[in-house]
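Tertiary structure, described
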Amino acid sequence: MSNTRKPGKQPQGRVEKMIDRCFFQLPDWVGSFVAEWNEPLDTVKSRMEFAIALSKENIRQQTGGPFAALVVDEDKKELVSVGLNLVTSSGLSVAHAEIVALSLAQARMGNWDLASAGSLQLITSCEPCAMCFGAVPWSGVKSIICGAGKSDAEAAGFDEGDKPADWVRSLQRRGIVVQTGVLSNKASQVLADYKASGATVYNASVEKKRSHRG
C-alpha cells in the first residue's frame, strides 16, 4: 500500500497554516538619526562613538536592548549598514545588533560574502556573544572593533553564552583583525545604565532563568 499523501491534503495533527517567513526591520527613527550624524567615520574611535550613540538611542526609543553595531567600508570610510538589538521589538532571539548589521550589509551588497565588497569592518558596542562570534568569520568582514567586554554585559544581567576563551586569536587565525576595549568606559556605562533603569533583560525559559543577551 502506498503511503503517498494526495496533493493538498494536510497531515493530521499539524498546524493548518505554516509560518513561512520572519524578518527584522530597523525602527523608523534610525534613518533620521543616521542622516543627522555629522561626524566622519574615518577613525576607529569615531565609529565606536556612533555605535554607542545608536545603542543609547535604542534604549531611549524603547526599541530594543542596549547594543548597537555598524559595518563600515574601511577604504572609502563610508557607512554600509547599522544594526541594533531588536530582540524585544521583533520577538526574535537571533536579532542581535551584530547579526542585524551583517545581514543588512549582505542584503545591500547582494552577497553573503562581504569580502567580495572589499575591506569591510564590523564595529560593535560590546564584544560579540557566542552566537555573534560564530557569525563573524562566515560574514566576510576583514576586521571587528569592540567596545564593552563580556564581563560588562554579564554584569548587566545578560548571558553571553559559551564562547572560546581564545576567541580573539581564533578570529585572527582566520585573518580577521580584532581590536577590543575601544571607548570601553563609555560603552560599558550604557549597559550599567540599562540595568539601573530596570528595563527588560530578556531571557529564555531555562534552568535558573538565565538572562539572554543580544
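Residues numbered from 1 in each chain as written. Predicted model: local features only at pLDDT ≥ 70, side-chain atom pairs only at ≥ 80, totals over all residues. Heavy atoms only, no water.

The secondary structure content of the protein chain amounts to 8 helices and 5 strands. Burial analysis of the protein chain (214 residues in total) assigns 43% to the buried set. Taking the contacts inside the protein chain whose residues are at least 6 apart along the sequence as the reference set, 66% of them involve residues at least 24 apart. When the accessible surface of the protein chain is summed, it comes to about 12100 Å², and 49% of that surface belongs to carbon and sulfur atoms. (Helix = DSSP H or I, 4+ residues; strand = E, 2+ residues; numbered from the N terminus. Buried < 20%, exposed > 50% of the residue type's maximum accessible area, 1.4 Å probe, protein only. Contact = heavy atoms within 4.5 Å. Areas by Shrake-Rupley, 256 points an atom, 1.4 Å probe, with all protein chains shown as cover.)

Now for the environment of S81. Its place among the elements puts S81 in strand 2 (residues 78-84). Exposure remark for S81: the relative accessible area of 6% places this residue in the buried category. Taking the C-alpha atoms as reference points, S81 and L102, separated by 21 residues in sequence, lie 7.6 Å from one another. Apart from the residues within four sequence positions on either side, S81 is in contact with L70, V71, A101, L104 and A105. Among the polar contacts listed, one links the side chain of S81 to the backbone oxygen of A101, at a separation of 2.7 Å. (Polar contact = N/O pair within 3.5 Å; in protein donor to acceptor, adjacent residues only side chain to side chain.)

Ranked by internal contacts, the top residues of the largest apolar core, which has 57 residues, are L54, F67, L70, V71, L122, I144 and L171. In contact with L171, other than residues within four places in its own chain, are F133, V136, P137, I144, I176 and V178. (Core = buried A, V, L, I, M, F, W, Y, C linked by side-chain atoms within 4.5 Å.)

Among the 7 residues that make up strand 3 (residues 120-126), 7 are buried, leaving the element largely enclosed by the rest of the structure. Note: strand 1 (residues 68-73) against strand 3, 5 bridges, orientation antiparallel. Bridge pairing in strand 3 places L70 opposite I123. Two strands pair when backbone bridges link them, and strand 3 and strand 4 (residues 143-148) are joined in this way by 5 bridges, in the parallel orientation. Counted as the bridge partner of L122 is I144 from strand 4. In this fold, strand 3 hands off to helix 5 (residues 130-139), which returns the chain to strand 4; that crossover is right-handed. (Pairing = 2+ DSSP bridges. Right-handed = clockwise from strand over helix to strand, strands pointing away.)

To continue, consider the sheet that holds strand 4. Read across the sheet, 5 strands follow the order 2-1-3-4-5 without closing on themselves; strand pairing throughout is mixed. Lying at the two open borders of the sheet, with one neighbouring strand each, are strand 2 and strand 5 (177-179). Within the sheet, the average angular offset between the axes of one strand and its neighbour, ignoring direction, is 15°. Sheet strands touched by helix 8 (residues 184-197): strand 3 and strand 4. Its angle to strand 4, the strand with the most contacts, is close to 60°. (Axes fitted to C-alpha atoms, helices over the stretch in contact; angles between N-to-C directions.)

It is worth spelling out the pattern of salt bridges at this point. One pass over the full model with this rule turns up 6 salt bridges. Put simply, E127 and K163 hold a salt bridge, and the shortest N to O gap is 2.6 Å. Taken together, the residues E127 in the loop between strand 3 and helix 5 and K163 in the loop between helix 6 (150-155) and helix 7 (167-173) connect sequence positions 36 residues apart. Of the two residues examined, E127 and K163, each falls in the buried class. Linking R173 and D166 is a salt bridge whose minimum nitrogen-to-oxygen distance equals 3.6 Å. A residue is classified by how much of its surface remains accessible, and R173, at 57% relative accessible area, is exposed. Among the residues examined, D166 registers a relative accessible area of 34% and is labelled partly exposed. (Salt bridge = Lys/Arg side-chain N within 4 Å of Asp/Glu carboxyl O.)

Of note in this structure, Q62 is not a glycine but carries a positive phi near 55°. With respect to the helices and strands, the residue Q62 is situated in the loop between helix 2 (44-60) and strand 1. Exposure remark for Q62: the relative accessible area of 72% places this residue in the exposed category. For L183, which is not glycine, the phi dihedral falls at a positive 50°. A relative accessible area of 21% means that L183 is categorised as partly exposed.

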